[in-house]
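Residue-level structure breakdown
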Amino acid sequence: MAKHQFSWNERFVVYLADGGKCFWCGIPVFYRDVQIDHVFPEDLLDDNSELARIKVEYGLGAQYDINGFENWVTCHQGCNLRKRNTVLPNAPRTLLTVAELKQRAPKLASESKKYASRKRAEEILGMLASALTAGSLTKEDVLDLITDPPQVPIVSAVSAVTIRLSENIELIVPHSPAASIESQGWKIHSVHGNIAYVHDGLVGGVVPNVARPDPSWQCSQCGFYGPWDGIICRTCGNREAPD
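Everything in this summary refers to the structure shown in the same document. Given the structure is predicted, the values throughout are model-derived calculations rather than measurements.

**Topic: unusual backbone geometry**
- Cis peptide bonds are those with omega within 30 degrees of zero, and the linkage from Gly226 to Pro227 qualifies with 5°.
- As for its placement among the helices and strands, Pro227 is situated in the loop between strand S5 (204-208) and strand S6 (228-229).
- Despite not being glycine, Arg84 has its phi angle at roughly 50°, a positive value.
- Accessibility expressed as a relative area gives 65% for Arg84, which makes it exposed.

Structural data, given as structure tokens:
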């Protein structure tokens, strides 16, 4: 499989989103030295069965794009070399990270397209200026193009089919703690991939939305998988940071 070649606008928006710092060590990195790292290794694209397993176990969803903004972070060369193709543990910290990256991905994709289109516009303006200077194009030619653009024939397009999911459908993974949380008196507020946000009318918390969550999610006192509000298990009140 050929490795993804990052465009300048893809690198730039990820770098801005991470505040100019390496995502893994938090140390600032010069833009000229930045590398973009895959949170889940790109090598998974060579192993469809392993990729499918990862998507299920981490609650990534079938549409999760290994070569998409939801899987890209800013990285030092050294941190990139040390991490290599390691798959991060299925732990609360990893799942929260994945949820945050998925949440920001649409905005980064939009920003990337904006920068790419602006770069193309600058290139076209540069070519026009060069042609005007060389005398191969006149101002009148440009004005004619603007005021009387060539007619492009209209081709009938096949109507796109839009599939809408019911607003009542929650993206809950079967047999996950999130799937049984309502039986404990909690209400699901929202779902972001592998994290479900819940509340009981007074307090809120998060529970894993994966079929086999990491043991660090489980409270050592009551045995439930939260809901966790920071370091507090909201089921029993036990203070224990899930790591």
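**Quick word on the pattern of salt bridges**
- Evaluated as defined, the whole model comprises seven salt bridges.
- A salt bridge links Asp43 to Lys3; the nearest nitrogen and oxygen atoms lie 2.7 Å apart. A residue pair is termed long-range when its members are at least 10 positions apart, and Asp43 in the loop between strand S1 (35-38) and helix H2 (48-57) and Lys3 in the segment before helix H1 (8-17) qualify at 40 residues.
- Accessibility expressed as a relative area gives 35% for Asp43, which makes it partly exposed.
- We classify Lys3 as partly exposed; its relative accessible area is 45%.
- For Asp37, the salt bridge is made with Lys83, and the minimal N-O distance between the two is 3.6 Å. Remark: Lys83 occurs in helix H3 (residues 77-83) and Asp37 occurs in strand S1; sequence separation between them is 46 residues. For the pair Asp37 and Lys83, a shared accessibility class is recorded, and that class is buried.
- Put simply, Glu50, Arg53, Glu57 and Arg212 are held in one network by salt bridges that share partners.

Definitions and cut-offs
Residues numbered from 1 in each chain as written. Predicted model: local features only at pLDDT ≥ 70, side-chain atom pairs only at ≥ 80, totals over all residues. Heavy atoms only, no water. Helix = DSSP H or I, 4+ residues; strand = E, 2+ residues; numbered from the N terminus. Buried < 20%, exposed > 50% of the residue type's maximum accessible area, 1.4 Å probe, protein only. Salt bridge = Lys/Arg side-chain N within 4 Å of Asp/Glu carboxyl O.

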